[in-house]
Amino acid sequence: PNPRYLVIGAGLAGLSAAQTLRQAGFSVDVVDKSRGVGGRMSTRRGDGWTCDHGAQYFTARDPGFRAELARWQQAGVAALWSPRIVVIDAHGVREAGERTERFVGVPGMTAPARLLAEHLRVQTGMTITGLRRDADGWRAVCAEQGELEARFDGVVLAVPAPQAAPLLAPVSSRLATAASRARMEGCWSVMLRFDQALDRPFDAAFVNDGPLRWVARNSGKPGREGQETWLLHASAAWSEAHLEAKAERVAQALIDAFVALGGKPPQAWSAHRWRYAITESAVDGGCLWCPEQGLGLCGDWLNGGRVEGAWLSGRALGREMVGSFEALAR
Ligand code: FAD
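Basis of the calculations
Residues numbered from 1 in each chain as written. Predicted model: local features only at pLDDT ≥ 70, side-chain atom pairs only at ≥ 80, totals over all residues. Heavy atoms only, no water. Axes fitted to C-alpha atoms, helices over the stretch in contact; angles between N-to-C directions. Helix = DSSP H or I, 4+ residues; strand = E, 2+ residues; numbered from the N terminus. Parallel < 35°, antiparallel > 145°, perpendicular 65-115°, else oblique. Left-handed = near helix turned anticlockwise from the far one by under 90°. Contact = heavy atoms within 4.5 Å. Nonpolar A, V, L, I, M, F, W, Y, C, P; charged D, E, K, R; others polar. Near = heavy atom within 4 Å. Polar contact = N/O pair within 3.5 Å; in protein donor to acceptor, adjacent residues only side chain to side chain. Areas by Shrake-Rupley, 256 points an atom, 1.4 Å probe, with all protein chains shown as cover.

1. With respect to the packing of helix 4 (residues 161-168) against helix 5 (residues 173-181)
Then, in step 1: Two elements in contact, helix 4 and helix 5, have axes whose closest approach is 8 Å; the angle formed by their N-to-C orientations is 155°. As summarised for this structure, helix 4 and helix 5 are arranged roughly antiparallel, according to the angle between their axes. Between helix 4 and helix 5 the crossing geometry is left-handed. For the pair formed by helix 4 and helix 5, the contact residues are Ala161, Ala164, Ala165 and Leu168 on the first element and Leu175, Ala176, Ala179 and Ser180 on the second.
Then, in step 2: Residues of the contact of helix 4 with helix 5, tallied by class, amount to 7 nonpolar, 1 polar and no charged.

Next up, the structure:
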């Protein structure tokens, strides 16, 4: 019979690995601890408003990822976003003056992940807390349901490095070491809601001064509906220094900084702390695969960070796994 794989994590990396395995004809189960798919490519939905509070946009340079993006655009789940973009530092405001093509999910950042999940068996609300391998294959324990009934021929761990490390420690010291070496920084995110459109001479700004790093008019992205929303991200250094601070204090500090840039205090706000947001870490090949054990790792932290890196990492791992299986079958 065809092998059965478990993919832990339904972010872009896990979904892309699962898609590659599925297309090769393998049986794949995807689980994620969150309520929905997409991981850090995420959209908060409230009463009459939505706001992307993780990844803000993505770039597409690799030809394989551009082809996938074309498919997303055709399906209406991604679009080019061309904001008026500025750089703000201690000297003032200037045009960003670059030609980066930026893309967003439509109507929110989660949309491409939902498209990928359509043809996959995905279960959300399942937090994997333990993995072990016996003579019959891999077993997984989940916080909500205990040990899963199914046995798997292989496991893909597609979660942030600090969350992968404790799951790997009992089963592979080599992979656990790789995960504990990767550095990931936190990010505080504050979503602002306004009754009226905010008149600003820019749609998005890179901020190189004070606690903020990024400001964007979320409701100005393509396909967004509802209330005027703006999104604030704190810098990595500020976020790391305030990771344990109360949300109210964080929101106040970031809103004050936004007002100092000429913004207005919002009618309402929501805050989200990303403990593991951003990474630049990478390994050769963009993923790790141990064919003897049937254990693989993918994710942005293996491929330089970012949405594109995550998708490519998942595809690279899926291809290696298919290759191993075909080599064995020969
Ligand atoms: P994730 O998206 O983190 O997916 C991992 C999944 O695993 C999650 O869904 C999680 O719920 C699940 N999980 C974790 N542990 C378990 C467990 N034990 N059991 C079950 N499920 C589990 N990238 C860009 O390209 N451009 C940007 O502008 C950009 N800005 C960003 C801003 C912020 C604030 C953040 C947070 C990220 C940003 N990124 C940006 C990075 C981008 O979001 C990531 O690189 C990419 O989404 C990572 O995908 P992934 O699949 O590797 O991981």
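Now that the structure is up, let's keep going.
2. Thoughts on the site of the ligand
Then, in step 1: As a matter of local geometry, the ligand sits amid 33 residues, with Ala13, Asp32, Arg40, Tyr57 and Asp300 nearest to it.
Then, in step 2: The contact in question runs from an oxygen atom of the ligand to an N or O atom on the side chain of Asp32, over 2.6 Å.
Then, in step 3: For the ligand, a nitrogen atom lies 3.1 Å from a polar atom in the backbone of Lys33.
Then, in step 4: Burial of the ligand by the protein chains amounts to 94% of its free accessible area of 1000 Å².
Then, in step 5: Among the elements of the structure, helix 1 (12-23), strand 18 (268-278) and helix 8 (307-329) are those that each provide at least two residues to the shell around the ligand.
Then, in step 6: In terms of residue count, strand 18 provides more of the shell around the ligand than any other element does, 3 residues in total.
Then, in step 7: The class makeup of the residues in the shell around the ligand is 17 nonpolar, 11 polar and 5 charged.

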